Amino acid sequence: DYRTEKNRLIELDRERTIGSKLHLTEKENRANEIITSLKTSELQSGFEDPNKFPSSQHFFDIRKTIRTSRIFQIIQKLPKGSSLHIHSFALTSQEYLYNLTFRENLYASISSSGELSFRFFPSNTSTNWSSLSQLRRTNRSNFEEFLKSKLTLVREDPRKSYPTVEDAWSAFQGIFSTVDGLISFKPVFEDFFYQGLKELREDNVKYVEIRCTGLYAYDLKGKVYRDEEVIGIYAKVIKRFRRDYPDFVGAKFIYAPHRKFVRANIDEEIEVYRRIRKAYPELVVGFDLVGQEDKGYPLSDFVTHIEKIRDIGGNLYFHAGETDWFGFESDENLFDAVLLNATRIGHAFALPKHPGLVEEVKRRGIAVEVCPISNQVLELVGDFRNHPAAVMMADGVPVVVGSDDPSFWGAEGLSHDWYVVFMAMTSRRTGLRFLKQLALNSLSYSSLNGKEMGRALEQWKVDWDEFIEFVIKRY
Ligand SMILES: O=c1[nH]cnc2c1ncn2[C@@H]1O[C@H](CO)[C@@H](O)[C@H]1O
Ligand SMILES: [Zn+2]
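What counts as what
- Residues numbered from 1 in each chain as written.
- Chains lettered and ligands numbered in written order.
- Predicted model: local features only at pLDDT ≥ 70, side-chain atom pairs only at ≥ 80, totals over all residues.
- Heavy atoms only, no water.
- UniProt positions renumbered as here; feature names shortened; annotations may be inferred.
- Helix = DSSP H or I, 4+ residues; strand = E, 2+ residues; numbered from the N terminus.
- Rg over C-alpha atoms; globule rule 2.2 N^0.38 Å.
- Buried < 20%, exposed > 50% of the residue type's maximum accessible area, 1.4 Å probe, protein only.
- Contact = heavy atoms within 4.5 Å.
- Areas by Shrake-Rupley, 256 points an atom, 1.4 Å probe, with all protein chains shown as cover.
- Lys, Arg positive; Asp, Glu negative; His and termini not counted.
- Charge placed at Lys NZ, Arg CZ, Asp CG, Glu CD.
- Near = heavy atom within 4 Å.
- Polar contact = N/O pair within 3.5 Å; in protein donor to acceptor, adjacent residues only side chain to side chain.
- Patch = residues over 30% accessible without salt bridge, like charges linked within 9 Å, V, L, I, M, F, W, Y side chains within 5 Å.
- Salt bridge = Lys/Arg side-chain N within 4 Å of Asp/Glu carboxyl O.

Under an unreviewed UniProt entry, the name given to the protein chain is Adenosine deaminase, and the source organism is Phyllotreta striolata. As its UniProt record puts it under Subcellular location (unreviewed entry), the protein chain is described as follows: "Secreted". In the Sequence similarities (unreviewed entry) part of its UniProt record, the protein chain is described as follows: "Belongs to the metallo-dependent hydrolases superfamily. Adenosine and AMP deaminases family. ADGF subfamily."

This is the structure in structure tokens:
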């Protein structure tokens, strides 16, 4: 009859969702019931009073409320596997980034247009730079506020502060320029990276692949470290971190020059990539191009060069289709990313507008790195329920969740992004199978090699079983 037929259609539809085919053990089924019932009740209160539904609002307004959600707390505990889309200068919490400005020997310079730069010097040698401690003493009243505003995109009224994508991107790029001299200082560089790993681990993420744009560091003696030397610094920190936390699987790097600046010197960048991969083949796993795609320099400009990059080895992990525009170069970057055989695509926000290409992505087993908070903060989407990846996940496109640049919008670890994905971008009926598959995807679409993957999966299984026990006991 009609009802049976409707249920059959619903079931057919559900079967396409990420994770729907996973088998759950008896204990997992119990945990699943707990999680879906908590999810339903949280959704229901939002359904009855939309003001109470955080995931339809701007992240700046909800990041504190989210912490009180039981689903969020469960997601924090959940072993999420790995974080596969994050940029090297935005790895830590906002608080940690701000606290770096209290380091000794830090100087600042403020341009006539109000842009702030940092640099560490052994002593004051130039009139262009003032020591931070002195600036703090003399400009007491609103200096901290000014400083904080230069390190974050967070504003009281984001829609007014950033009426368009362009405004958001320009502020976003500004933060990268501001933090550059702060984070590139070798002692800070090491601490910042270590802290980034620590925060990921505390959020139950045990492996990370990091996009690196400029491989550069300096110290007080004026020594400059470049390219493979910088990867060497990272390698030492990873080693130290793994000694301190043996359950952590590791970190690897995707070399990701800026599409705009690379245009003139792409051959140089290819050489850098060749050298760093030669020096650290197990740490440097691939290539990407970053920067605002709507501003041009499409992937198709680089096709012949990318052939050379392929010869060097590693994989391709392009940002592509991070746009609201349909049929423009930024949108059509998606076709290049697929044709060039990317292993994963960063954002692929525009992908569902190309159902034929979606089929090709599935056929080739390319994973999509979904970073919902980034997309909202950079003004591509308002209400998370309207995020296009909801469609891709319901259709079984392989998806992994990323946080992109959490330092700059006050997200921590990966849990905030997982939370909005789960609460706003999947069906009310979607539960633990989906979460489990997301975690598994984050390992299977990583660049871990056979032996590392074995270790990572083993660690993940231990953590997963513990998590299931925790959910059953605690809720
Ligand atoms: O999601 C993104 N899409 C494109 N470019 C990005 C994204 N996040 C960061 N960057 C770019 O990466 C550089 C630092 O690594 C920044 O210059 C920024 O433009
Ligand atoms: Zn990114």
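1. Some points on the overall build of the protein chain
Check the secondary structure of the protein chain and you find 22 helices and 13 strands. In terms of overall size, the protein chain behaves like a compact globule, its C-alpha atoms giving a radius of gyration of 22 Å where 475 residues would be expected to give roughly 23 Å. C-alpha atoms of the protein chain, sized along the principal axes, occupy 85 × 55 × 45 Å. The buried share of the protein chain, taken over its 475 residues, is 57%. Within the protein chain, contacts between residues at least 6 apart in sequence are counted, and of these 77% link residues at least 24 apart. Accessible surface computed for the protein chain: about 20,800 Å², of which carbon and sulfur atoms make up 50%. Considering the protein chain, the positive charge centre built from 65 side chains and the negative charge centre built from 67 side chains are found 4 Å apart.

2. Topic: the site of ligand 1
The environment of ligand 1 is made up of 14 residues, and the closest members are Q173, T213, E322, H347 and D404. Contact between ligand 1 and Q173: an oxygen atom at 2.3 Å from a side-chain N or O atom of the residue. At 2.6 Å from a nitrogen atom of ligand 1 is found a side-chain nitrogen or oxygen belonging to E322. For ligand 1, the protein covers 95% of the area, taking 410 Å² as the surface of the free molecule.

3. Some remarks on a positive patch on the surface
Positive charge collects at one region of the surface, where R3, K6, R14, R428 and R429 lie side by side. Its place among the elements puts R14 in helix α1 (residues 2-14).

4. Some remarks on the pattern of salt bridges
For the structure on display, the rule yields 32 salt bridges. For K160, the salt bridge is made with D157, and the minimal N-O distance between the two is 3.5 Å. Given the relative accessible area of 67%, K160 is considered exposed. D157 sits in the partly exposed class, given a relative accessible area of 32%. Across the salt bridge formed by E369 and R344, the nearest N and O atoms sit 2.5 Å from each other.

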